[in-house]
Amino acid sequence: MAGGPSPEGVPDGLDRPLPEGVRRKVVALTGECFGGLTVAELPPQLRQYARFTPTRRAKFAGNAMAAALESDPVFRQRIAARLRELQPELAGAVADGNPPAAADPVDVGALAYVLRPEGWVKLIVAAGEEEQRAKANLVGEETRAELGRLREELAEARTAGRQETERVRGELDAARKENESLHRKLRSAVSDVKRGEAAVRKLQAELHDARSESGQQLAAAESEARRLKARLAEAEAAVESGRRAAREGRSVEDMRLRLLLDTVLDAAQGLRRELALPPAETRPADTVGAVEPGRMSPKDIAARALSDTDPALLDQLLALPQAHLVVDGYNVTKTGYPTMPLEKQRLRLLGGMAVLAAQTGAEMTCVFDGAELAAPVLLAPPRGVRVLFSKPGETADELIRRLVRAEPPGRPVVVVSSDREVADGVAKAGARPVASTLLLKRLART
């Protein structure tokens, strides 16, 4: 229980052991205050003494209570609060720094040690000095009484008393010198601890800098690894594309020609089934348009025309032989459900297109803009729907126009987009543009 001077020169802690009388009084007061605290409010090392009487606590838990008061500020504050309730007048006077002159210095010192008011160390020192004076007075009275009794009996006792006094003085001087030596050692130890703490702080700062630098290097290495993986994937894709092109040769042109031939044949067969005209009975005169008795009038035929906003128009277009539906993905999703996250927009649109592909049997391709993607999209395309993302540096509109140009002339290609530039471009290439709202209405019926 020692401390050094504060910046103002007033001790902020004891530089010597707590006087024994004050210590006994502190332990007694602490034992009396146990009754007002719950078990949870006691330090763990003192909970086993919660049910002891104050006398037994002071006897068996004195050292533990003294250590808890010194090391546990919260426990000391709770004991101080109980003392203010048990001894309000004396505790208030000590807390204000004006203890009554008639009060026992030991009681004042014990309260000052627990309450810790300003100048509490001086009050404890004063109590210790008072205790020493009382002990000295008691020893002096006993010595005088003993000398009075021995003066009549033996004169030699005076010499023995003087010799004992000199011996005590010598021991006191030795104790003072030892105390000074201990103080010097304590100051040296405190200085060593401070230097050690400074060294630890320096090492912690160096460790933090090293961790930061290693983290930056690791992030750079990971970024470089991702870049190299992307380049490797592009190179592998280019190699595979070159191998496939070398193997297939003219297979693309053959596929386009075969697809166009199938389209013409399917269209002819569909037209024959729709007209249901026996080939052997058809005559040139039958091809002249006119209204026969009991048949539809021109007005009735005109009434069958569908508007550009009727979802049935999309069904008619997809019913054409070998029809291919190309959808501008984000143009449709941001028109129909713009508040949803992009991932959920894609899943909702692709789910509807999968149902539409199963119902119509038409070829379906959905194009999304991939120029701004930071990483590849993990997506499993639904059955019957081809999902494409534009390459870096290319927009979804350009990819759609390339898809339309890749189709053979004469194949029915339907492009869904509300972008006027896209619609005009695919119309020039021979495709049939329709608005995004038309597809949204048709998907709402599935």
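Residues numbered from 1 in each chain as written. Predicted model: local features only at pLDDT ≥ 70, side-chain atom pairs only at ≥ 80, totals over all residues. Heavy atoms only, no water.

Focus on the overall build of the protein chain
So, point 1. Within the protein chain one finds 16 helices and five strands.
So, point 2. Residues counted as buried form 27% of the 446 residues belonging to the protein chain.
So, point 3. Put simply, of all contacts in the protein chain between residues at least 6 apart along the chain, 57% involve residues at least 24 apart.
So, point 4. Taken as a whole, the protein chain presents about 29,500 Å² of accessible surface, with 55% of it coming from carbon and sulfur. (Helix = DSSP H or I, 4+ residues; strand = E, 2+ residues; numbered from the N terminus. Buried < 20%, exposed > 50% of the residue type's maximum accessible area, 1.4 Å probe, protein only. Contact = heavy atoms within 4.5 Å. Areas by Shrake-Rupley, 256 points an atom, 1.4 Å probe, with all protein chains shown as cover.)

Here we look at the side chain of R76
So, point 1. Relative to the elements of secondary structure, R76 occurs in helix α4 (residues 73–86).
So, point 2. Notably, R76 is buried but unbridged: the nearest opposite-charge side chain belongs to E70, and the N-O separation is 5.7 Å.
So, point 3. Among the polar contacts listed, one links the side chain of R76 to the backbone oxygen of L69, at a separation of 2.7 Å.
So, point 4. Excluding residues within four positions of it along the chain, R76 makes contact with L69, E70, Y113, V114 and R116. (Lys, Arg positive; Asp, Glu negative; His and termini not counted. Salt bridge = Lys/Arg side-chain N within 4 Å of Asp/Glu carboxyl O. Polar contact = N/O pair within 3.5 Å; in protein donor to acceptor, adjacent residues only side chain to side chain.)

With respect to the sheet that holds strand β3 (residues 385–389)
So, point 1. Reading across from one edge, β3-β2-β1-β4-β5 is the order of the five strands in this open sheet, with parallel pairing throughout. Of all strands in the sheet, those bounded by a partner on one side alone are β3 and β5 (432–434). The mean inter-strand angle of the sheet, taken between neighbouring strand axes irrespective of direction, is 20 degrees.
So, point 2. Bridge analysis of strand β1 (residues 324–328) against strand β4 (residues 413–416) gives four bridges, and the strand direction is parallel. Counted as the bridge partner of V327 is V416 from β4.
So, point 3. Strands β1, β2 (363–368), β4 and β5 of the sheet are contacted by helix α11 (residues 311–318), whose axis makes an angle of about 155 degrees with β5. (Pairing = 2+ DSSP bridges. Axes fitted to C-alpha atoms, helices over the stretch in contact; angles between N-to-C directions.)

With respect to the pairing of β2
So, point 1. Counting buried positions along β2 yields five of six residues, so the element is predominantly enclosed.
So, point 2. Relative to β2, β1 runs parallel, the two sharing five bridges. Note on β2: the bridge partner recorded for V327 is C366.
So, point 3. Both β2 and β3 contribute to a ladder of five bridges, which runs parallel. Within the sheet, the bridge partner assigned to T365 lies in β3 and is R386.

Here's the deal with the packing of aromatic side chains
So, point 1. The full count for this structure, using the stated rule, is three aromatic pairs.
So, point 2. With centroids separated by 6.4 Å and ring planes inclined at 85 degrees, the aromatic side chains of F52 and F60 adopt a geometry described as edge-to-face.
So, point 3. The exposure class of F60 is partly exposed, given its relative accessible area of 46%.
So, point 4. Consider the rings of Y330 and F368, whose centres lie 5.0 Å apart with planes at 55 degrees: the pair is tilted. One end of the pair, Y330, is in helix α12 (residues 329–336); the other, F368, is in strand β2, with 38 residues separating them in the sequence.
So, point 5. Its relative accessible area of 0% is what places F368 among the buried residues.
So, point 6. Three or more aromatic residues joined by ring pairs make a cluster, and in this case those are Y330, F368 and F389.
So, point 7. In this arrangement the basic side chain of R56 is found over the ring face of F52, its NZ or CZ atom lying 4.2 Å from the centre. (Phe/Tyr/Trp six-rings, centres within 6.5 Å; stacked < 30°, edge-to-face > 60°. Lys NZ or Arg CZ within 6 Å of the ring centre and 35° of its normal.)

Considerations on the nonpolar core
So, point 1. In terms of nonpolar packing, the biggest core is built from 36 residues, with F75, I79, V94 and Y113 touching the most fellow members.
So, point 2. Secondary structure elements with two or more residues in this core: α1 (20–33), α3 (62–71), α4, α5 (88–95), α6 (105–115) and α7 (120–153).
So, point 3. At eight residues, the largest contribution of residues to this core is made by α6.
So, point 4. With 29 residues, the next largest nonpolar core counts L325, M353, A362 and L439 among its residues. (Core = buried A, V, L, I, M, F, W, Y, C linked by side-chain atoms within 4.5 Å.)

Some remarks on α7
So, point 1. The end-to-end C-alpha distance of α7 is 49 Å, a good match for the 50 Å that 34 residues give at a rise of 1.5 Å each.
So, point 2. Here the buried face of α7 lies against α1, α5 and α6. (Expected span 1.5 Å × (residues − 1).)

Comments concerning unusual backbone geometry
So, point 1. Positioned with a positive phi, Q322 is a non-glycine residue whose angle comes to about 55 degrees.
So, point 2. Tracing the chain through its elements places Q322 in the loop between α11 and β1.

Notes on the environment of R405
So, point 1. Here R405 shows up in helix α14 (residues 396–406).
So, point 2. Taking C-alpha positions, R405 is 8.4 Å from V426, a pair spaced 21 residues apart along the chain.

Structural notes on the pattern of salt bridges
So, point 1. All chains considered together, the criterion is met by 15 salt bridges.
So, point 2. Measuring nitrogen to oxygen at the nearest pair gives 2.3 Å for the salt bridge that ties R167 to E171. Of this pair, R167 and E171 both sit in helix α8 (residues 156–248), four residues apart, which is roughly one turn of the helix.
So, point 3. Overall, R167 belongs to the partly exposed group, its relative accessible area being 41%.
So, point 4. One salt bridge in this structure joins D315 and R442, with 2.5 Å as the shortest N-O distance.

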